[in-house]
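What follows is each chain in one-letter form.
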Amino acid sequence: MSAASTAESADFRGPLDITRAATVVLDAESTVIGWSPAASELLGYGPSDALGRPLTTFLSVRPAGGTLPAEASGAAGPGPGPPSLVGNEIHVARTRDGRELLVATATCPLPGAAGASGPGTPDRILVAAEVEALLHWESRIALLQGLATQSPVGLAIYDTDLRLSWSNTAYEREMGQPLAAFRGKRAEELYGAGSFVTPGYPHTLAGVMRQVLDTGEPVLDLHFRGQPPSDPGRDHLWSCAYYRLEDAHGHALGVCEDAFDITDRYRVQERLTLLVEAGRRIGTVLDVATTAEEIAEVAVPDFAATVRVDVTRAAVTGETAAVGSPADMTLLRVAERSAPGSGTPDPGLPASGPTETGRPDPYRPGASPTVTDSPDPGRPETGPTGSGPTGSGPTATARGPGGTNSPGGPRQPYPPVDYPPGSPQNRSLSSGGLVLDEGTLVVPLRTGGGILGLVTFDRGEGSDTSGRTPGPDRATTFDNGEVALADELAARAAVCIDNARRYTRERTASLALQRQLLPHHLPPQSAVETAYRYLPADDVTGVGGDWFDVIPLSGTRVGLVVGDVVGHGLQAAATMGRLRTSVRAFAQLDMAPDELLTRLDDLVGQPAEDRSDACGGAVETYDVTTGATCLYAVYDPVSRRCVMARAGHLPPAIVGPGGEVSFPDLPAGPPLGLGGLPFESMEIDLPVGSLLALFTDGLVEARDHDIGRGLDTLGQVLGDRSASLEELCDRAVSELVPGGTSADDTALLLVRTRALGADRVADWELTAEPVSVGRARELATGQLEAWGLEELVFATQLVVSELVTNAVRYAGGPLGLRLIRDRTLVCEVADTGHTSPHLRHSAADDEGGRGLFIVAQLVQRWGTRYTPTGKTIWTEQALPPAEAG
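Residues numbered from 1 in each chain as written. Predicted model: local features only at pLDDT ≥ 70, side-chain atom pairs only at ≥ 80, totals over all residues. Heavy atoms only, no water.

1. Quick word on the overall build of the protein
When helices and strands are tallied, the protein shows 23 helices and 36 strands. Residues classed as buried in the protein amount to 48% of the 885 residues present. Total accessible area computed for the protein in this model is approximately 40,700 Å², and 54% of it derives from carbon and sulfur atoms. (Helix = DSSP H or I, 4+ residues; strand = E, 2+ residues; numbered from the N terminus. Buried < 20%, exposed > 50% of the residue type's maximum accessible area, 1.4 Å probe, protein only. Areas by Shrake-Rupley, 256 points an atom, 1.4 Å probe, with all protein chains shown as cover.)

Right, here's the structure in full:
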């Protein structure tokens, strides 16, 4: 906008003002005797053309009422012209160039003209202006009138001393009194306790207005918080604008203030912000107690002074949501938060009370912790577990209601609450709906037709002692909008708590299944000394499928296995159990490691085929078994050799007797279920005292470091030869999993090798001749007598005779006979045949076939082990009690 147009728009003189209008002086006979420059500009006639001529030369004789053009007549009603022009005469003026203008005129008689009314004597003055200009001016006047009397925006003018000089009707309503009662007062006298909350500007009214006066720069949308005199005790929020008022010469006259009350809009925006914050902060983890605490953190202090969250015991332990009467539910106080300086009595815990910080004392009997550090009942606590001297199982311990949290004895982490009849909480439980009782609002946590608990919002009285600026209009009761907001908060929280409840139930079941499927203890082995640790994944990730096992094999050998199942949860735990059972079954068949993994790979690949449920529908095709990894090793303490193979798993760590650490380049087969490539074995000599470490990737891989760094750290820990296996396990876990849990399961199995002395093993080579049967009996008898096992001579002679006889008759030589004295007496007969004998029941008239049946009755176990050169039939007999001890 140009400077000229700005000045024009700021000129509020009317078009019929004599200083602006076309002015004509008339005598008594309506002859023009005076002609202003504005008249010349309007009609185009100069003074010489107009003076002495009758007025009718320029204007119509009579008003143009009834025949006016549409734009002027409009809805004029009964009078001539539009309603805004009533009182002025409307004429049609003829300009010098022949155009016709619609003009409004007004006449004013001159004083004293009635006594001298001759020709040429001034009688009256006529002013004229275009109707369009007059209409435009009338609208501007109406605007000013509306701002002064009808506008909802408060307008006030302060002079250069910052004293109020004028205000409109809206401002008077805020003050609750007419302008005359407060005119001349300073701004601080009207809103002394208020202040601006918009950052970057002075906090006081005087400071902002003085800044505008000094700089001339207007400011817009400053938020001012205070209490108007018409509504004391209740904070309001205004959006204010300030600009300097100047006269025609640019001198400052004062400051104009525009203020609009945005309290209601601010509260709506505040509620929306609270909902957004709730969506961001509630339900960040799948834990009932944490979710409940997040509700309280979101709502205090912006929405309520105190928030208490009570959850049913069933929800805490992961059971189905309770339905029915309050008798069906036991509520536990899992979260409570109060604003500093606030606190209200708790009807559910009569003995509790707020501490100085507004929180209950966690050590007071019956008090509930504001931020609890104890897990919920039934929620397992994950941590390092392992084999102790007695061989404890690798299970996750759980701290339940009986956990000791104070020197005084066991105390429940979440105390039960009992609300008396008639209390808002009891009424909410009975009705299943929300209850508003003055400053207390109780909203049930509902989901799926059941009630998970209650949320109590309480608005205690008292100021915020933390210095936080209180929100506008923070009343002690809840209005309809706030009730709806609380209901929405509780609905969102209920969904999150229900999700946490379901997760808790599945996690509890998964941990229970995992504890049952993993070995509870590892029996002592003559071949190796073992120690282990197993850490389930954290609460966010869920139970995984890492597993390990130590399997006793024939000939005092031992099978070592560790594996990892893809995924987490109940399905992963069940899959882990399937794989562990399968490996134990295949290992009992004395399969070589590469053959065992091949069989296991075939087994895993079977579920990938299409399957249908009982109703004929397709079941979920995703199977966490596919992609599982496994490492299987067999150690022989007699030969001190270890054969191992892996299916997509990390290689083991081997520490020699001198402390040197290595990770053998074991051929890496594909993960289970993928197929395509064969598995290869590697045989390694392990001196006595060597350390073998089998582990899963959860031990050496984390978000903050890669596998390479984890392997280096593990090697440094295992290189300490002076530490025991238990100490090495603890150090490895503390170094690699410092928090006790990680995003993946962690399994670690440490094995220190042993060797059977020559005095405990005896072996002979025999020819495949009938005479070898007697020779074998003599050798076995002599060795048993040397070992002091005379009680086993008779049974051993029968076993040796039958096994050697079968080898001579059905297989070829040379034959091998070996006796091993371990925790049992092991007898092995090796031959070059590849046909395994089968146990059968002979008929009454059969002449043979009873020998192997008799052998099976004399020994604890027996079986066949295939070798590259043939097979070995082995048996185990229990030692006499004195020898076994």
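2. Observations regarding the side chain of serine 772
Residue position: serine 772 is located in helix α20 (residues 771-787). Looking at serine 772, the relative accessible area reads 4%, which means it is buried. Engagement of the side chain of serine 772 in a polar contact is seen with the backbone oxygen of threonine 767, the distance being 2.5 Å. (Polar contact = N/O pair within 3.5 Å; in protein donor to acceptor, adjacent residues only side chain to side chain.)

3. Some details on the pairing of strand β19 (residues 440-447)
Burial within β19 is extensive, with seven of its eight residues counted as buried. Where strand β18 (residues 435-437) meets β19, three bridges bridge the pair, whose relative direction is antiparallel. Across the sheet, leucine 436 pairs through a bridge with leucine 441, a residue of β19. What sits between the antiparallel neighbours β18 and β19 is a turn of two residues, in which glutamate 438 has the positive phi angle 55°. Of the pairings in the sheet, the one linking β19 to strand β20 (residues 450-458) comprises eight bridges and is antiparallel in character. In the strand pairing of β20, threonine 440 is matched with aspartate 458. Counted along the chain from β19 to the antiparallel partner β20, the turn is two residues long, and its residue glycine 448 has a positive phi close to 60°. (Pairing = 2+ DSSP bridges.)

4. Side note on the sheet that holds strand β5 (residues 124-130)
Reading across from one edge, β2-β1-β5-β4-β3 is the order of the five strands in this open sheet, with antiparallel pairing throughout. With one partner strand each, in any of the chains shown, β2 (32-35) and β3 (89-94) form the two edges of the open sheet. Between one strand axis and the next, the sheet turns through 35° on average, direction left out of account. Here seven bridges tie strand β4 (residues 100-109) to β5, and the two strands are oriented antiparallel to one another. Bridged to valine 103 within β5 is glutamate 130. Helix α5 (residues 131-149) rests against β3, β4 and β5 of the sheet, and its axis sits at about 80° to β5. (Axes fitted to C-alpha atoms, helices over the stretch in contact; angles between N-to-C directions. Contact = heavy atoms within 4.5 Å.)

5. Describing the packing of helix α10 (residues 263-281) against helix α14 (residues 480-517)
Contact geometry of α10 with α14 gives a least axis separation of 10 Å together with a crossing angle of 5°. With respect to α14, the axis of α10 lies roughly parallel. Packed against α10, whose contacting residues are Arg267, Arg271, Leu274, Leu275, Ala278 and Gly279, the element α14 presents Gly481, Glu482, Leu485, Glu488, Leu489 and Arg492 at the interface. Class assignment for the residues of the contact of α10 with α14 results in five nonpolar, two polar and five charged. (Parallel < 35°, antiparallel > 145°, perpendicular 65-115°, else oblique. Nonpolar A, V, L, I, M, F, W, Y, C, P; charged D, E, K, R; others polar.)

6. Concerning the environment of threonine 824
One can find threonine 824 in strand β34 (residues 824-831). In this view, threonine 824 contacts Gln860, Glu876, Gln877 and Leu879; residues no more than four positions away in its chain are not counted.

7. Re the sheet that holds strand β11 (residues 252-261)
Pairing within the open sheet is antiparallel, and its six strands lie in the order β7-β6-β11-β10-β9-β8. On the outer flanks of this sheet lie β7 (164-167) and β8 (195-196), each paired with one strand and no other. Bridge count for strand β9 (residues 219-226) against strand β10 (residues 236-246) is six bridges, and the pairing is antiparallel. Residue pairing for β10: arginine 225 is matched across the bridge by leucine 237. Helix-sheet contacts for helix α9 (residues 205-215) involve β6 (154-159), β8, β9, β10 and β11, and the interaxial angle to β10 is about 25°.

8. A few points about helix α19 (residues 725-736)
The end-to-end C-alpha distance of α19, which contains twelve residues, comes to 16 Å, matching closely the 16 Å that a straight helix rising 1.5 Å per residue would cover. Looking only at α19, the buried set comprises Leu725, Leu728, Cys729, Ala732, Val733 and Leu736. Down the axis of α19, the smallest arc covering the buried residues is 130°, so these residues share one side. (Expected span 1.5 Å × (residues − 1). Arc of directions from axis to C-beta.)

9. Observations regarding the pattern of salt bridges
For the structure on display, the rule yields 35 salt bridges. We note a salt bridge from glutamate 336 to arginine 333, for which the minimum N-O separation is 3.2 Å. Each member of the pair glutamate 336 and arginine 333 is classed as buried. Here the salt bridges do not stand alone but share partners, grouping Glu277, Arg280, Arg281, Glu293, Glu297 and Arg337 into one network. (Salt bridge = Lys/Arg side-chain N within 4 Å of Asp/Glu carboxyl O.)

10. Structural notes on the side chain of arginine 459
Mapped onto the elements, arginine 459 comes out in the loop between β20 and α14. We classify arginine 459 as buried; its relative accessible area is 6%. Among the polar contacts listed, one links the side chain of arginine 459 to the side chain of glutamate 482, at a separation of 2.8 Å.

11. Comments concerning unusual backbone geometry
A negative phi holds for most residues other than glycine; trans holds for most peptide bonds. For the bond from valine 300 to proline 301, the omega torsion is 0°, close enough to zero to count as cis. Residue position: proline 301 is located in the loop between α11 (288-299) and β12 (306-312). The backbone of leucine 162 sits at a positive phi, close to 60°, despite the residue not being glycine. Judged by its relative accessible area of 6%, leucine 162 falls in the buried class. With phi around 55°, glutamate 438 is a residue other than glycine that occupies positive phi space. Residue placement: glutamate 438 occurs in the loop between β18 and β19. Assessed through its relative accessible area of 65%, glutamate 438 is described here as exposed.

12. Some words on the packing of helix α15 (residues 570-588) against helix α16 (residues 593-605)
Two elements in contact, α15 and α16, have axes whose closest approach is 10 Å; the angle formed by their N-to-C orientations is 140°. Viewed along their axes, α15 and α16 adopt a mutual orientation that is oblique. Of the two possible hands of crossing, α15 and α16 adopt the one that is right-handed. Residues Leu579, Ser582, Val583, Phe586 and Ala587 of α15 form the contact with α16, whose own contacting residues are Leu596, Arg599, Leu600, Leu603 and Val604. (Left-handed = near helix turned anticlockwise from the far one by under 90°.)

13. Thoughts on the confidence of the model for the protein
Chain-level statistics for the protein give a pLDDT mean of 79 and a share of 80% at 70 or above. Overall, residues 1-7 carries pLDDT values under 50, and its contacts beyond four positions in sequence, including any with other chains, amount to two contacts. (pLDDT = per-residue confidence, 0-100.)

14. Topic: the environment of threonine 746
Counting through the fold element by element, threonine 746 comes out in strand β31 (residues 746-753). Separated by 201 residues in the primary sequence, threonine 746 and glycine 545 have C-alpha atoms spaced 9.4 Å apart. Other than its neighbours up to four places away in sequence, threonine 746 contacts Arg533, Tyr534, Leu535, Asp546, Thr696, Gly698, Leu699 and Val737. Polar contacts involving the side chain of threonine 746 include one to the main-chain carbonyl oxygen of glycine 698, which spans 3.3 Å.

15. A short note on the packing of aromatic side chains
All told, the structure shown has eleven aromatic pairs when counted by the stated rule. Summarising the aromatic geometry, the rings of phenylalanine 196 and tyrosine 242 are spaced 6.1 Å apart at their centres and angled 75° between planes, so their arrangement reads as edge-to-face. Residue phenylalanine 196 is located in strand β8, and its partner tyrosine 242 is located in strand β10; the two are separated by 46 residues in the primary sequence. Taking the relative accessible area as the measure of exposure, phenylalanine 196 reaches 3% and is therefore buried. For tyrosine 242, a relative accessible area of 0% corresponds to the buried category. Here the aromatic rings of phenylalanine 303 and phenylalanine 457 are separated by 5.4 Å at their centres, their planes lie at 90°, and the arrangement is edge-to-face. (Phe/Tyr/Trp six-rings, centres within 6.5 Å; stacked < 30°, edge-to-face > 60°.)

16. Topic: the environment of proline 670
With respect to the helices, strands and loops of the structure, proline 670 is situated in the loop between β28 (668-669) and β29 (682-685). Separated by 22 residues in the primary sequence, proline 670 and glycine 648 place their C-alpha atoms 4.9 Å from one another.

17. Comments concerning a nonpolar patch on the surface
Side chains of Phe794, Leu798, Leu839, Phe853, Ile854 and Leu858 sit close together on the surface and give an oily, nonpolar patch of about 520 Å² of accessible area. Looking at the nonpolar patch, the elements with two or more residues in it are α21 (793-810) and α22 (851-858). In terms of residue count, α22 provides more of the nonpolar patch than any other element does, three residues in total. Inspection of the secondary structure assignment puts phenylalanine 794 in helix α21. Accessibility expressed as a relative area gives 59% for phenylalanine 794, which makes it exposed. (Patch = residues over 30% accessible without salt bridge, like charges linked within 9 Å, V, L, I, M, F, W, Y side chains within 5 Å.)

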